Amino acid sequence: VLAPLVNKCSLEEEETLQMKWANLIANIVSNDNNILLELNCIEILNKISVIEAKLLDFLYDEFFEQRAMRIEKIKNRNLDLGDAHIPVSKILFNLDKIRTTFNLSKENFEDYISNLISFGVIDYDVPSVSVDAQKSDEDPNDLDIDIDISIKKPNEIHLTNLGVKFVEICNT
């Protein structure tokens, strides 16, 4: 694991990503992580841009802030948390708000989001699907049914478990 890591790390010129490489190396050397996770992190960090790294850091920080607020609401309602776990897929982020926060063009932003999705660190929320079926009332012998299916691409994303682990390994 260390040979490709050191090789890829030595080629990095951006300071933000250099720090992530340094953190990744430190974590691989000092922790007993899953080898597959380590290899995935190396590949992702090798392919990620500075803006994509900053987007992920932002989402990670927002994730824990929103999760803490949800847990606090549960506590305030005097509900037993027990072993309550809020899955990463339940904390959603509005794409328009993120794009505005980072002041990115729609085209560039969509490219960054597509890349992060292809790396497996974020994913879209479930798309909404609507179905409309109608039968003609005019001819009782007409058995045709008109069906319109509309699938709306979601405007929200969420971190994945890999995304959370990647940010943690590369930031601490």
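Heads up: these notes are all about the structure in this document. For clarity, every value in this text was computed on a predicted model and none was experimentally measured. Throughout this description, residue numbers start from 1 for each chain and increase along the sequence as written. Given that the model is predicted, a residue must reach a pLDDT of at least 70 before its local features are reported, and side-chain atom pairs must reach 80 or more before they are shown or counted; all residues, however, enter totals for whole chains, interfaces and linings. Neither water nor hydrogens contribute to the side-chain values; these are computed over all heavy atoms in the structure.

### A short note on the overall build of the protein chain
The condition that has to hold: Under the scheme used here, helices are H or I runs from DSSP no shorter than 4 residues and strands are E runs no shorter than 2 residues, and both carry numbers assigned from the N terminus. Exposure categories follow from relative accessible area, calculated using a 1.4 Å probe and restricted to protein chains: below 20% of the type maximum is buried, above 50% is exposed, and the middle band is partly exposed. The accessible surface values rely on the Shrake-Rupley method and a 1.4 Å probe; as for residues, cover is taken only from the protein chains in view.
Of regular secondary structure, the protein chain possesses seven helices and five strands. Along the chain direction, N to C, the helices and strands of the protein chain fall in the order α-α-α-α-β-α-α-β-β-β-β-α. In the protein chain, which comprises 172 residues, the proportion classed as buried is 30%. Just so you have it, the protein chain exposes about 11,100 Å², and 49% of that area is on carbon and sulfur atoms.

### Focus on the packing of aromatic side chains
Just so we agree on the cut-off: Any two of the Phe, Tyr and Trp rings considered here, Trp counted by its six-membered ring, make a pair once their centres fall within 6.5 Å; the pair's planes then place it as stacked at under 30 degrees, edge-to-face at over 60, or tilted in between.
The final tally for this structure, using the stated rule, is three aromatic pairs. Relative to Phe102, the ring of Phe58 lies with its centre 5.4 Å away and its plane at 90 degrees, an arrangement referred to as edge-to-face. Taken together, the residues span a long stretch of sequence, with Phe58 in helix α4 (residues 50–76) and Phe102 in helix α5 (residues 95–102) at a distance of 44 residues. Take Phe102: its relative accessible area is 23%, and that puts it in the partly exposed class. Connected via pairs of aromatic rings, a cluster forms that spans Tyr60, Phe63 and Phe64.

### A short note on the packing of helix α2 (residues 15–30) against helix α7 (residues 161–171)
Our working rule: An axis is simply a line fitted to the C-alpha atoms; with a helix, the fit covers only the stretch in contact. Between two such axes, the angle follows the N-to-C directions and lies from 0 to 180 degrees. Note on terminology: angles under 35 degrees are roughly parallel, angles over 145 are roughly antiparallel, angles of 65 to 115 are roughly perpendicular, and the others are oblique. In what follows, a contact means two residues having at least one pair of non-hydrogen atoms within 4.5 Å. Residues were grouped as follows: Ala, Val, Leu, Ile, Met, Phe, Trp, Tyr, Cys and Pro as nonpolar; Asp, Glu, Lys and Arg as charged; and all remaining residues, including Gly, as polar.
Following both chains from N to C, one finds α2 and α7 inclined at 95 degrees, their axes separated by 6 Å at the closest point. Considering the angle they form, α2 stands roughly perpendicular to α7. Along its contact with α2, which presents Met19, Lys20, Asn23, Leu24 and Asn27, the element α7 presents Glu168, Ile169, Cys170 and Asn171. Tallied by class, residues from the contact of α2 with α7 come to four nonpolar, three polar and two charged.

### A short note on the nonpolar core
Cut-off, in case you're wondering: Among buried residues, those of type Ala, Val, Leu, Ile, Met, Phe, Trp, Tyr and Cys that are joined through side-chain atoms within 4.5 Å constitute a nonpolar core.
Counting 38 residues, the largest nonpolar core has Leu24, Ile48, Leu56, Ile122 and Phe166 as the members making the most contacts within it. At the level of secondary structure, the elements contributing two or more residues to this core comprise α2, α3 (35–47), α4, α5, α6 (106–119), β5 (156–159) and α7. Among the elements that make up this core, the one with the highest residue count is α4 (seven residues). Contacts of Ile122, omitting those with residues within four sequence positions, involve Leu56, Leu59, Ile113, Leu116, Ile117, Ile157, His158, Leu159 and Thr160.

### Focus: the side chain of Glu52
What counts, and what does not: Lys and Arg are tallied as positive, Asp and Glu as negative. Neither His nor the chain termini are counted. Between Lys or Arg on one side and Asp or Glu on the other, a salt bridge is scored when a side-chain nitrogen of the former is within 4 Å of a carboxyl oxygen of the latter. A 3.5 Å cut-off defines polar contacts: any pair of N or O atoms within that distance qualifies, except that in protein one atom must be a possible hydrogen donor and the other a possible acceptor, and neighbouring residues in sequence count only when both atoms are side-chain atoms.
With respect to the helices and strands, the residue Glu52 is situated in helix α4. One buried charged side chain, Glu52, makes no salt bridge at all; its nearest oppositely charged neighbour is Lys47, positioned 11 Å away. Polar contacts involving the side chain of Glu52 include one to the main-chain amide nitrogen of Ser49, which spans 2.8 Å. With near-sequence residues (within four places) excluded, Glu52 lies in contact with Lys47, Asp111, Tyr112, Asn115, Leu116 and Phe119.

### Considering the pattern of salt bridges
Going through the model one piece at a time under the given rule, you end up with one salt bridge. The closest approach of N and O atoms between Lys20 and Asp57, which form a salt bridge, is 2.9 Å. In this pair, Lys20 sits in helix α2 while Asp57 sits in helix α4, placing the two residues 37 residues apart along the sequence. Judged by its relative accessible area of 5%, Lys20 is buried.

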